[in-house]
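Understanding the architecture of this molecule
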Amino acid sequence: MNNKGVMALGALIGAAIMYGIVSYFIPAGTDQNVELRPDDLQLVAFGKKVYDANCASCHGAKLQGEANWRERGADGMLPAPPHDETGHTWHHPDAVLFALTKYGPAAMAGGDYKSAMQGYDGVLSDEEIIASLSYIKSRWPREVVARHDQINQSAAAQ
């Protein structure tokens, strides 16, 4: 197996493990059958508006995230990660991305986990969350979209 194959397999295994861990924390009643629709041009256009108004101030207008996003700041929090192909967003199944956006990382992780990202429950509708995430996915290269689709298939099989 070449390096790309090993990396893809590692990403799938990591996503499956993360899905199992994070799904444990998804609040009861949350729809885990969420499906992003990056090919729905109307939804993606709406999602860009939602993203620009609610996400771009931290995650960047070009999905680039904040500098040093892997290193905790003096406040103990991680900077906003990129949502482009250089970040880890695409490593998570749709349902996990939806829940992280709706409830926030701190609520998902539990304990005294600190995150600057608030949950958007009560701020954005479920459709607005799906639209913004669909916009993000629509910006990924085809090979990343294909890997993300595989991650979703693996998560659905569990």
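Scroll up for the structure.
Rules of the game
- Residues numbered from 1 in each chain as written.
- Predicted model: local features only at pLDDT ≥ 70, side-chain atom pairs only at ≥ 80, totals over all residues.
- Heavy atoms only, no water.
- Phe/Tyr/Trp six-rings, centres within 6.5 Å; stacked < 30°, edge-to-face > 60°.
- Helix = DSSP H or I, 4+ residues; strand = E, 2+ residues; numbered from the N terminus.
- Buried < 20%, exposed > 50% of the residue type's maximum accessible area, 1.4 Å probe, protein only.
- 1 Å grid on protein atoms, 1.4 Å probe; cavity = no way out; pocket = protein on both sides within 12 Å on 5 of 7 lines; lining within 4 Å.
- Points joined across faces, edges and corners; volume = space filled by probe spheres on them.
- Nonpolar A, V, L, I, M, F, W, Y, C, P; charged D, E, K, R; others polar.
- Expected span 1.5 Å × (residues − 1).
- Contact = heavy atoms within 4.5 Å.
- Axes fitted to C-alpha atoms, helices over the stretch in contact; angles between N-to-C directions.
- Parallel < 35°, antiparallel > 145°, perpendicular 65-115°, else oblique.
- Left-handed = near helix turned anticlockwise from the far one by under 90°.
- Polar contact = N/O pair within 3.5 Å; in protein donor to acceptor, adjacent residues only side chain to side chain.
- Salt bridge = Lys/Arg side-chain N within 4 Å of Asp/Glu carboxyl O.

Observations concerning the packing of aromatic side chains
One pass over the full model with this rule turns up one aromatic pair. Consider the rings of Tyr 51 and Tyr 135, whose centres lie 5.6 Å apart with planes at 50°: the pair is tilted. Taken together, the residues span a long stretch of sequence, with Tyr 51 in helix 2 (residues 41-54) and Tyr 135 in helix 6 (residues 126-138) at a distance of 84 residues. With relative accessibility at 0%, the residue Tyr 51 sits in the buried group.

Focus: the layout of surface pockets
For the largest pocket, the calculated volume is near 920 Å³. As for the largest pocket, its lining consists of 40 residues, of which Pro 81, His 88, Pro 105, Ser 115 and Met 117 are closest to the centre. At the level of secondary structure, the elements contributing two or more residues to the lining of the largest pocket comprise helix 1 (3-25), helix 2, helix 3 (56-59), helix 4 (94-103), helix 5 (105-109) and helix 6. Per-element accounting of the lining of the largest pocket gives the leading share, four residues, to helix 1. Broken down by class, the residue content of the lining of the largest pocket amounts to 24 nonpolar, 12 polar and four charged.

A few points about helix 2
Over its 14 residues, helix 2 runs 20 Å from end to end, which matches the ideal 20 Å to within 8%, given 1.5 Å per residue. In this structure, the buried side of helix 2 is in contact with helix 3 and helix 6.

Points about the packing of helix 4 against helix 6
For the pair helix 4 and helix 6, interaxial distance at closest approach is 10 Å and the crossing angle is 120°. Judged on the interaxial angle alone, helix 6 and helix 4 are oblique. Between helix 4 and helix 6 the crossing geometry is right-handed. Residues Asp 94, Leu 97, Phe 98, Thr 101 and Lys 102 of helix 4 form the contact with helix 6, whose participating residues are Asp 126, Ile 129, Ile 130, Leu 133 and Lys 137. Residues belonging to the contact of helix 4 with helix 6 are distributed by class as follows: five nonpolar, one polar and four charged.

Here we look at the environment of Arg 72
Mapping Arg 72 onto the fold places it in the loop between helix 3 and helix 4. When sequence neighbours within four positions are dropped, the list of residues in contact with Arg 72 reads Met 77, Leu 78, Tyr 113 and Lys 114. Only 2.9 Å separates the side chain of Arg 72 from the backbone oxygen of Gly 76, close enough to count as a polar contact.

Details of the pattern of salt bridges
For the coordinates displayed, the defined rule picks out five salt bridges. For Asp 52, the salt bridge is made with Lys 48, and the minimal N-O distance between the two is 2.8 Å. You can see Asp 52 and its partner Lys 48 sitting in helix 2, four residues apart, about one turn around the helix. Look at Asp 52 and you get partly exposed, because its relative accessible area is 36%. Note that Asp 126 and Lys 102 form a salt bridge whose closest N and O atoms lie 2.7 Å from each other. On the criterion of sequence distance, the pair formed by Asp 126 in helix 6 and Lys 102 in helix 4 is long-range, its members being 24 residues apart. Look at the salt bridges and you will find they share partners, linking Arg 37, Asp 40 and Glu 127 into a network.

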